[in-house]
Amino acid sequence: MRIFGSLIVSTVCVAATWLPEVITRDVAIIGGGASGAYAAVRLKEDFNKSIVLVEKANRLGGHVDTYKDPKTGNWYDFGVQNWNDYGPAKAFFDRMGVPVGAPGRNVLASRYADFTTGAGVNFTPPANADRVAALGRFLNATAPYEQYFLPGYWNWPAPDKIPEDLLLPFSDFVEKYDIRDSVNQVFQVTGMGVGDMSNALTLYVLGAFGPPMMRAFLGQGASFTPDTRRNIALYEAIQTRLGANVLLSTVVTSSIRTNLGHTLYTKSADGKARIIIARKLLMAIEPTPANMEPFSLDQAEQSVFSKFKFSTVQAGIVAHPSLPINGTIINTPAAAAPNNYLVLPKPDFVVRFDHMGGGSDLFRVLVVGAGVVTVQQAQDMVRQDLARLIAAGTLPATADPAALLEFRAWADHGGMHMHASAKELRDGFVQKLYALQGRRGTWWTGGAFSVQFQSILWAYDDVLLPKMLA
Ligand SMILES: Cc1cc2nc3c(=O)[nH]c(=O)nc-3n(C[C@H](O)[C@H](O)[C@H](O)COP(=O)(O)OP(=O)(O)OC[C@H]3O[C@@H](n4cnc5c(N)ncnc54)[C@H](O)[C@@H]3O)c2cc1C
Ligand SMILES: *[C@@H]1O[C@H](CO)[C@@H](O)[C@H](O)[C@H]1NC(C)=O
Ligand SMILES: *[C@@H]1O[C@H](CO)[C@@H](O)[C@H](O)[C@H]1NC(C)=O
Ligand SMILES: *[C@@H]1O[C@H](CO)[C@@H](O)[C@H](O)[C@H]1NC(C)=O
């Protein structure tokens, strides 16, 4: 008996060391960026659901990247810059106990150069009054369509009722509404993330720079940041609220998804395996092939997502003595001179180098790809472009010609701005996309189902969550 008993005990002990922890919840949320972290708070606190949030990175916040300069102790945001005062945004910051204020603006001296040759470009941006007037016309032309895609495609028209304007290549839309003088601003603020912006469909340019953004620039709306000027403060507050319901540095490795519930096998960076059993699944990551791999998509899901194309965005902080303190050097094709505003860099491209101010030697740099670009490739593009700018004499050579470009921080934001063709849209793409909501007990949030703005994604979640729990 004694032997038998101790055998049982030792078997149990062995089992406990290798059996993965099992976590049972009402809802499993995949991705702790803008849409996933917000949904997690609301599901837990407002809808009284038990949740688990699975996040690949070692922190919440997705595209928010806040860097501490070890030399000065100052904080710099090189990902998300500010939040649009749209829908629930201000109330949510307030609720998370993060005070906000007007964003600080760095005024930088602009210089233009073609990064493919390094040569300076004699480019003249539109006069301020012309830019503002064009932006006003842009807002007037697009505000009537806002209801169709903000904060999501909930009221999207039937395929034969889609306004033709939304399916025009953006350059045609620009000519039709005489808004050339707005293009430079649209591109430099957020439009560049779309990739080949002048050929992108107007609908998707509006997903990067939509009516709420136009209102902010026309003084009819506002944007804000945390008072502390540390954008990550919001997501730190969310992490504190959610505590052990967040699994950081964790990914799903395989899954069984059904209408009745889900089994998700996860692995964390420290090698720990956990099994999540959840009634419902909320996907808050971009549905790129790589991201979807562990989620055993069925035929219907695969056929919808395979229609998506996407661009990629990487952001970093670099330092090099040739870069202009208090300046920005902007990648501008030679053919854009002197004012051909629709001539824009084509992906893959480095957008520009922006001095980050505050007496630092730091420059924010953005790299946009037409598809997957590795971090190594993106950084090589930055290195090569800088070398060309110096070789062409556009930037001064330094006393130490061997001075290396330093990468102080880097973030690969991966696939963004998922888009389908005009033909697919006319063939009911959005309807097919939204028909996935609730199929196989799975619900979808994030940029691919709405637009690329944090505040708007939160408003989208506000519509989605009651449907998901109905
Ligand atoms: C450089 C840059 C600047 C921007 N500036 C602004 C701005 O100023 N204002 C604004 O409103 N918007 C801005 N945006 C856009 C905005 O950040 C995005 O639209 C928004 O974050 C998208 O939210 P999301 O929930 O869809 O995805 P994300 O916020 O990207 O969240 C996805 C999360 O899922 C995680 N993840 C990915 N794959 C997996 C996986 N397989 N398993 C688990 N977790 C995974 C990621 O680590 C990430 O945390 C900016 C974007 C970039 C790239
Ligand atoms: C929240 O859910 C728990 C568990 O299902 C339940 O016991 C509790 O009464 C609920 N609370 C509210 C306020 O609905
Ligand atoms: C926009 O429309 C309003 C209302 O029709 C009009 O008063 C205004 O002049 C228009 N603005 C521009 C810039 O066209
Ligand atoms: C940059 O701008 C700051 C603030 O206006 C100023 O104090 C500083 O001298 C400038 N530095 C250079 C190199 O122009």
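Because the structure is a prediction, the values reported are computed rather than measured.

Novice: Go over the overall build of the chain with me, naming the residues and quoting the values.
Specialist: Of the regular secondary structure elements, the chain holds 17 helices and 18 strands. Taken over the C-alpha trace, the chain has a radius of gyration of 24 Å; the compact-globule value for 470 residues is 23 Å, and the two agree within 12%. Counting every position in the chain, which comprises 470 residues, the buried fraction comes to 54%. The contacts of the chain with a sequence gap of at least 6 include a subset with a gap of at least 24, amounting to 75%. Working note: accessible area of the chain is about 19900 Å², and carbon and sulfur atoms make up 56% of it. The chain carries 42 positive and 40 negative side-chain charges, and their two centres are separated by 6 Å.

Novice: So what about the sheet that holds strand E17 (residues 406-419)? Which residues, and what values?
Specialist: The six strands lie next to each other as E7-E14-E15-E16-E13-E17, forming an open sheet whose pairing is mixed. Pairing within the sheet leaves two strands with one partner each, and these edge strands are strand E7 (109-113) and E17. Geometrically, the sheet is characterised by an average inter-axis angle of 15 degrees between neighbouring strands, direction not taken into account. Relative to strand E14 (residues 327-331), E7 runs parallel, the two being bridged by five bridges. Considered in E14, the bridge of Arg111 is made with Ile329. In the packing of helix H14 (residues 375-391) onto the sheet, contacts are made with E7, strand E13 (309-319), E14, strand E15 (349-355), strand E16 (363-369) and E17, and the angle to E17 comes to roughly 115 degrees.

Novice: Which residues make up the environment of Ala409, and what are the values?
Specialist: Here Ala409 is to be found in strand E17. The class for Ala409 is buried, based on a relative accessible area of 13%. Separated by 93 residues in sequence, Ala409 and Gly316 have C-alpha atoms that sit 5.3 Å apart.

Novice: Any details on the nonpolar core? Residues and values, ideally.
Specialist: Counting 128 residues, the largest nonpolar core has Leu234, Tyr235, Ile238, Leu282, Phe305 and Trp458 as the members making the most contacts within it. The greatest single-element share of this core, amounting to eight residues, is contributed by helix H17 (residues 454-469). Both domains that meet at this core, namely domain 1 (21-63 + 228-306 + 421-469) and domain 2 (66-84 + 96-221 + 309-419), each give it at least three residues. Residues contacting Trp458, with those up to four places away along its chain left out, are Ala34, Tyr38, Trp83, Pro88, Ala89, Phe92, Phe93, Leu234 and Tyr235. Of all hydrophobic cores here, the second largest spans 19 residues; its members include Ala113, Phe353, Leu389 and Trp410.

Novice: Can you break down the pattern of salt bridges residue by residue, with the values?
Specialist: Applying the stated criterion to the full structure yields 28 salt bridges. A salt bridge links Arg137 to Asp178; the shortest N-O distance between them is 4.0 Å. Of the two residues, Arg137 sits in helix H4 (residues 128-142) while Asp178 sits in the loop between helix H7 (170-176) and helix H8 (180-189), which places them 41 residues apart along the sequence. Taking relative accessible area as the criterion, Arg137 reaches 33% and is therefore assigned partly exposed. With a shortest N-O distance of 2.7 Å, Asp298 and Arg439 are connected by a salt bridge. Taken as a pair, Asp298 in the loop between helix H12 (289-292) and helix H13 (299-305) and Arg439 in the loop between helix H16 (429-434) and strand E18 (442-444) lie far apart in primary sequence, 141 residues in all. In this structure, a network of salt bridges that share partners links the residues Arg42, Glu45, Asp46, Arg95, Arg241 and Asp462.

Novice: Can you break down H8 residue by residue, with the values?
Specialist: Residues that lie three or four places apart on an α-helix share one face, since the helix turns once every 3.6 residues. In terms of burial, H8 is a largely internal element, seven of the 10 residues being buried. All buried positions along H8 are accounted for by Ser182, Val183, Asn184, Gln185, Val186, Phe187 and Gln188. Each element contacted by the buried residues of H8 is listed here: H4, H7, helix H9 (202-208), helix H10 (211-217), E14 and E15.

Novice: Describe the site of ligand 1, and please don't skip the residues or the numbers.
Specialist: Around ligand 1 lies a shell of 29 residues, among which Ser35, Glu55, Gln81, Asn82 and Gln452 are the nearest. One nitrogen or oxygen atom from the main chain of Ala34 is found 3.1 Å from an oxygen atom belonging to ligand 1. Lys56 has a polar backbone atom sitting 3.1 Å from a nitrogen atom of ligand 1. Contact with the protein chains hides 89% of the accessible area of ligand 1, taken as 990 Å² for the molecule alone. Looking at the shell around ligand 1, the elements that each hand over two or more residues are helix H2 (34-45), E16, E17 and H17. Among the residues making up the shell around ligand 1, the classes are represented as 11 nonpolar, 15 polar and three charged. Taken domain by domain, the makeup of the shell around ligand 1 includes at least three residues from each of domain 1 (21-63 + 228-306 + 421-469) and domain 2 (66-84 + 96-221 + 309-419).

Novice: Before we move on, can you summarise the packing of aromatic side chains with the specific residues and values?
Specialist: Scanning the entire structure with this criterion turns up 26 aromatic pairs. Here the aromatic rings of Tyr38 and Phe92 are separated by 4.6 Å at their centres, their planes lie at 65 degrees, and the arrangement is edge-to-face. Taken together, the positions of Tyr38 in helix H2 and Phe92 in helix H3 (residues 89-95) put the pair 54 residues apart, joining distant regions of the chain. Residue class for Phe92 comes out buried when judged on its relative accessible area of 4%. Grouped by ring-pair contacts, the aromatic residues Tyr153, Trp154, Trp156, Phe305, Phe308, Phe429, Tyr434, Trp444, Phe449 and Tyr460 constitute a single cluster. The aromatic ring of Trp75 is capped on one face by Arg230, whose charged end is 4.2 Å from the ring centroid.

Novice: Tell me what's going on with the side chain of Gln379, and back it up with residues and numbers.
Specialist: Within the secondary structure, Gln379 is located in helix H14. Classification of Gln379 by relative accessible area gives buried; the value is 13%.

Novice: A description of the pairing of E14 should follow, citing residues and the corresponding values.
Specialist: Regular strands have side chains that alternate between both faces of the sheet. Among the five residues that make up E14, five are buried, leaving the element largely enclosed by the rest of the structure. Neither face of E14 is exposed, since Gly327, Ile329 and Asn331 on one face and Thr328 and Ile330 on the opposite face are all buried. Strand direction decides the pairing type here: E14 and E15, joined by three bridges, are antiparallel. Within the sheet, the bridge partner assigned to Ile330 lies in E15 and is Arg352.

Novice: Got a sec to walk through the sheet that holds strand E6 (residues 100-101)? Specific residues and values, please.
Specialist: What the three strands build is an open sheet, ordered E5-E8-E6; its pairing is antiparallel. Of all the strands in the sheet, the pair left with one neighbour each is strand E5 (83-84) and E6. Note that E6 and strand E8 (residues 223-226) share two bridges and pair antiparallel. In the sheet register, Val100 faces E8, and the bridge partner there is Pro226.

Conventions used here
Note on numbering: residues in each chain are counted from 1, in written sequence order. The naming scheme follows written order: chains are lettered A onward, ligands numbered 1 onward. Side-chain atom pairs in this predicted model are given and counted only at pLDDT of 80 or more, local residue features only at pLDDT of at least 70, and totals for whole chains, interfaces and linings cover all residues. Calculated side-chain values reflect all of the structure's heavy atoms, with hydrogen atoms and water omitted. Under the scheme used here, helices are H or I runs from DSSP no shorter than 4 residues and strands are E runs no shorter than 2 residues, and both carry numbers assigned from the N terminus. Note that the radius of gyration is over C-alpha atoms, with the globule rule given as 2.2 Å times the number of residues to the power 0.38. Under the scheme applied here, a residue whose accessible area is under 20% of the maximum for its type counts as buried, over 50% as exposed, and between as partly exposed, the area being computed with a 1.4 Å probe on protein chains only. By definition in these notes, contact holds between two residues if any of their heavy atoms fall within 4.5 Å. In this description, accessible areas are obtained by the Shrake-Rupley approach with a 1.4 Å probe, and a residue is regarded as covered only by the protein chains that are shown. Charged residues are defined narrowly, with Lys and Arg counted positive, Asp and Glu counted negative, and His plus the chain ends left uncounted. We put the charge of a Lys on NZ, of an Arg on CZ, of an Asp on CG and of a Glu on CD. For two strands to pair, DSSP has to find at least two bridges joining them. All axes here are fitted lines through C-alpha atoms, helices being fitted over the stretch that makes contact, and every angle between N-to-C directions spans 0 to 180 degrees. We define a nonpolar core as any set of buried Ala, Val, Leu, Ile, Met, Phe, Trp, Tyr and Cys residues linked to one another through side-chain atoms lying within 4.5 Å. Boundary definitions for the domains trace back to an automatic or database domain assignment. Each salt bridge in this description consists of a side-chain nitrogen of Lys or Arg and a carboxyl oxygen of Asp or Glu lying within 4 Å of one another. Whether a residue is near a molecule or strand depends on its heavy atoms: it is near if one of them lies within 4 Å of it. Distance and chemistry together define a polar contact, namely a pair of N or O atoms within 3.5 Å, with one atom able to donate a hydrogen and the other to accept it when in protein, and with adjacent residues in sequence counting only for side-chain atoms on both sides. Three classes are used, and their members are as follows: Ala, Val, Leu, Ile, Met, Phe, Trp, Tyr, Cys and Pro are nonpolar, Asp, Glu, Lys and Arg are charged, and the others, Gly among them, are polar. Stacked, edge-to-face and tilted labels apply to pairs of Phe, Tyr and Trp rings (six-membered ring for Trp) whose centres lie within 6.5 Å, assigned for plane angles under 30 degrees, over 60, and everything in between, in that order. In this scheme, Lys NZ or Arg CZ marks a charge over a ring once it lies within 6 Å of the ring centre and within 35 degrees of the ring normal.

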